[in-house]
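# Descriptive analysis of the structure
Here are the chains, one letter per residue:
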Amino acid sequence: MDSAGLDAGYEVLSEYAHGFMVSQVLFAACDLGIFDLLAETPEPLDAATVAARLGTSARGTGPLLDTCVSLKLLTVRTRAGVAVYSNGPLASTYLVSSSPYGQRHMVQYLGSTTYRCWTHLGDAVREGRNQYHRAFGVAADQLFSAIYRTSAERVCFLRGLQEVWAVHGRRLLTAFDLTPFRTVCDLGGGSGALARLCVSLYPACTATVLDIPEVVDTARMEFSRGETEEEEEEEDDRVSFRAGDFFRDPLPEADLFLLARVLHDWTDARCSQLLAGVFRSCRAGGGVLVIEGVLDADGRGPLTTQLFSLNMLVQTEGQERTLAQYTQLLEAAGFRRVAHRHPGGPYHAVLARK
Ligand SMILES: C[S@@+](CC[C@H](N)C(=O)[O-])C[C@H]1O[C@@H](n2cnc3c(N)ncnc32)[C@H](O)[C@@H]1O
């Protein structure tokens with residue numbers, strides 16, 4: 001390799017090896033409350049003021065702010081000879097708690113739980129199993145007991161998941177025309193965010209969110225619904241929660257089942273068991289809408305989905321799959337006419353009919 005090739009190669013290697021530092025800048029800046037502070041103050045702030053308001057050191061705050069500028073999270077200008085900082089568009093949209101598209105809990109979850117599991121990626125590859133025992137000292141024979149090991153953890157997980165739908169939910173739920181489906185059951189529907197979006201997009205439908213009892217309790221107690229009282233009442237009429245175990249309990253009858261980021265948690269055998277139950281409870285002419293990241297046919301991309309799949313290794317019992325693998329699982333359960341849409345973003349919609 002010539003010296004230009006060596007330099008280019010080294011640059012790529014260096015970027016990969018230091019990639020975790022970029023993530024940590026994002027995690028720390030969110031965690032310290034930098035973006036929220038800058039959103040709350042009408043004027044840009046200098047580093048000394050940010051440090052004083054957040055109770056952080058001058059030594060650490062300046063370099064962190066300047067690194068956020070290089071990452072295009074913050075903007076900087078000079079006022080009376082002093083650098084002052086404000087949020088850039090990316091931070092204002094996604095990293096400020098009050099933004100409708102805010103992803104603060106998703107970032108918090110990645111920076112705490114996911115990051116710790118990933119420090120054991122090598123062990124996960126060696127052993128072929130998730131790493132809750134190493135990262136948190138908890139047994140993972142019951143996957144969601146490990147995931148929900150504290151109530152704070154459960155709330156953060158559910159909030160992080162729901163934030164993603166504020167960005168991607170609408171285009172996934174409109175990738176197919178779901179108007180014909182009047183009763184919808186969102187299996188493993190978590191906080192109910194996707195079900196609420198579904199009834200708002202399809203005014204004639206009602207939705208049942210089925211999830212395990214502690215999640216249903218959390219969803220009822222912790223998650224706000226419509227923005228006004230009327231919206232809340234209307235949603236309460238059209239979105240109901242049901243506590244249950246989708247592997248063991250009979251599923252409610254429905255025209256359409258939603259399975260969003262559920263199948264990727266489980267082995268093929270568990271997915272087949274779940275889909276067989278869905279098929280039994282699905283009305284004739286109904287269907288199932290699977291929302292997941294989908295791997296390329298040869299499994300060699302896209303990179304984001306490959307990384308999601310490794311994440312499934314360190315955090316679940318499952319994996320990301322190709323469209324052919326989803327089709328096979330759906331057809332083996334009895335579903336037909338499998339159709340696929342990728343409306344952009346990391347998730348795809350796969351609709352199959354009974
Ligand atoms: C990865 S989360 C996806 C949540 C939601 N569908 C979303 O995409 O935001 C998986 C969901 O399945 C639920 N779940 C796991 N095991 C379950 C079971 N045996 N019965 C019912 N729900 C279950 C979890 O509580 C969680 O809400």
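The rules behind these values
Residues numbered from 1 in each chain as written. Predicted model: local features only at pLDDT ≥ 70, side-chain atom pairs only at ≥ 80, totals over all residues. Heavy atoms only, no water. Phe/Tyr/Trp six-rings, centres within 6.5 Å; stacked < 30°, edge-to-face > 60°. Helix = DSSP H or I, 4+ residues; strand = E, 2+ residues; numbered from the N terminus. Buried < 20%, exposed > 50% of the residue type's maximum accessible area, 1.4 Å probe, protein only. Lys NZ or Arg CZ within 6 Å of the ring centre and 35° of its normal. Salt bridge = Lys/Arg side-chain N within 4 Å of Asp/Glu carboxyl O. Near = heavy atom within 4 Å. Polar contact = N/O pair within 3.5 Å; in protein donor to acceptor, adjacent residues only side chain to side chain. Areas by Shrake-Rupley, 256 points an atom, 1.4 Å probe, with all protein chains shown as cover. Nonpolar A, V, L, I, M, F, W, Y, C, P; charged D, E, K, R; others polar. Domains from an automatic or database assignment. Pairing = 2+ DSSP bridges. Axes fitted to C-alpha atoms, helices over the stretch in contact; angles between N-to-C directions. Contact = heavy atoms within 4.5 Å. Core = buried A, V, L, I, M, F, W, Y, C linked by side-chain atoms within 4.5 Å. Right-handed = clockwise from strand over helix to strand, strands pointing away.

Here a ring pair, both rings aromatic, is described through the centre-centre distance and the interplanar angle of the planes. Evaluated as defined, the whole model comprises twelve aromatic pairs. When the ring of Phe247 is compared with that of Trp266, the centres are 5.0 Å apart and the planes differ by 90 degrees; the resulting orientation is edge-to-face. One end of the pair, Phe247, is in the loop between strand S6 (239–243) and strand S7 (254–260); the other, Trp266, is in the loop between S7 and helix H14 (268–281), with 19 residues separating them in the sequence. With respect to class, Phe247 is no different from Trp266; both count as buried. Judged by centre distance (5.0 Å) and plane angle (90 degrees), the rings of Phe279 and Phe335 are edge-to-face. Note that Phe279 is positioned in helix H14 and Phe335 in the loop between helix H16 (323–332) and strand S11 (336–341), a separation of 56 residues in sequence. Residue classification places Phe279 among the partly exposed residues on the basis of a relative accessible area of 22%. Every member of this aromatic cluster is reached through a ring pair, and the members are Tyr109, Phe144, Tyr148, Phe157, Phe246, Phe247 and Trp266. In this structure, Arg149 packs its charged tip against the face of Phe136, placed 3.8 Å from the ring centre. The ring centre of Phe247 lies 4.0 Å from the NZ or CZ of Arg270, which sits over that ring.

As a further point, take the pattern of salt bridges. All chains considered together, the criterion is met by twelve salt bridges. The salt bridge partner of Glu253 is Arg283, with a shortest N-O separation of 3.0 Å. Note that Glu253 is positioned in the loop between S6 and S7 and Arg283 in strand S8 (residues 282–292), a separation of 30 residues in sequence. On the basis of relative accessible area, Arg283 is assigned to the partly exposed category, the value being 31%. Sharing partners across several salt bridges, the network here consists of Asp123, Arg126, Glu127, Arg129 and Arg134.

Among the 19 residues in the neighbourhood of the ligand, the closest are listed as Tyr148, Gly188, Asp211, Phe246 and Ala260. Contact between the ligand and Gly188: a nitrogen atom at 2.8 Å from a main-chain N or O atom of the residue. Side-chain polar atom of Asp211 to an oxygen atom of the ligand: 2.6 Å apart, as the coordinates give it. Starting from 590 Å² of accessible surface for the ligand in isolation, the protein chains cover 95%. Counting residues per element, the ones that place at least two in the shell around the ligand are helix H10 (151–173) and strand S5 (206–211). Per-element accounting of the shell around the ligand gives the leading share, three residues, to H10. A class-by-class count of the residues in the shell around the ligand yields twelve nonpolar, three polar and four charged.

With that settled, consider the domain arrangement of the chain. What the domain assignment lists for the chain is domain 1 (3–94) and domain 2 (168–353). Its C-alpha centre places domain 1 at a distance of 37 Å from the equivalent point of domain 2.

Another aspect to go through is the sheet that holds strand S12 (residues 348–353). On the basis of which strands lie adjacent, the open sheet formed by seven strands has the order S6-S5-S4-S7-S8-S12-S11 and mixed pairing. Two strands lie at the open edges of the sheet, namely S6 and S11, each paired on one side alone. Across the sheet, the mean angle from the axis of one strand to that of its neighbour is 20 degrees, orientation sign disregarded. Where S7 and S8 come together, six bridges link them in parallel fashion. Bridge pairing links Leu258 to Leu289 in S8. Running at roughly 145 degrees to S8, H14 makes contact with strand S4 (183–187), S7 and S8 of the sheet.

A few words now on the nonpolar core. Looking at soluble globular proteins, one finds that nonpolar side chains tend to be buried together. In this structure, Leu187, Phe246, Phe257 and Val288 are the most contacted members of the largest nonpolar core, which totals 44 residues. With residues up to four places along the chain from it excluded, the contact list for Phe246 reads Leu187, Gly188, Leu210, Leu251, Val262, Trp266 and Leu274. Ranked by size, the runner-up nonpolar core spans 32 residues in total, among them Val164, Cys198, Leu201 and Val209.

This brings us to the pairing of S12. Across the six residues that make up S12, a large majority, six, are buried. Of the two faces of S12, both are covered, the one formed by His348, Val350 and Ala352 as well as the one formed by Ala349, Leu351 and Arg353. The sheet contact formed by S8 and S12 spans six bridges and is antiparallel. Bridge pairing in S12 places Ile291 opposite Ala349. Where S11 and S12 come together, four bridges link them in antiparallel fashion. Each residue of the ladder has a partner; that of Arg341, found in S12, is Ala349.

Glancing now at the pairing of S5. Most of S5 is tucked away, with five of its six residues classed as buried. Pairing between S4 and S5: five bridges, direction parallel. Paired with Cys185 across the bridge in S5 is Thr208. What joins S4 to S5 is helix H11 (residues 193–201), and the crossover it makes is right-handed. Of the strand pairs in this sheet, S5 and S6 are connected by five bridges, and their pairing is parallel. Residue Ala207 lies in a different strand from S6, and its bridge partner there is Val239.

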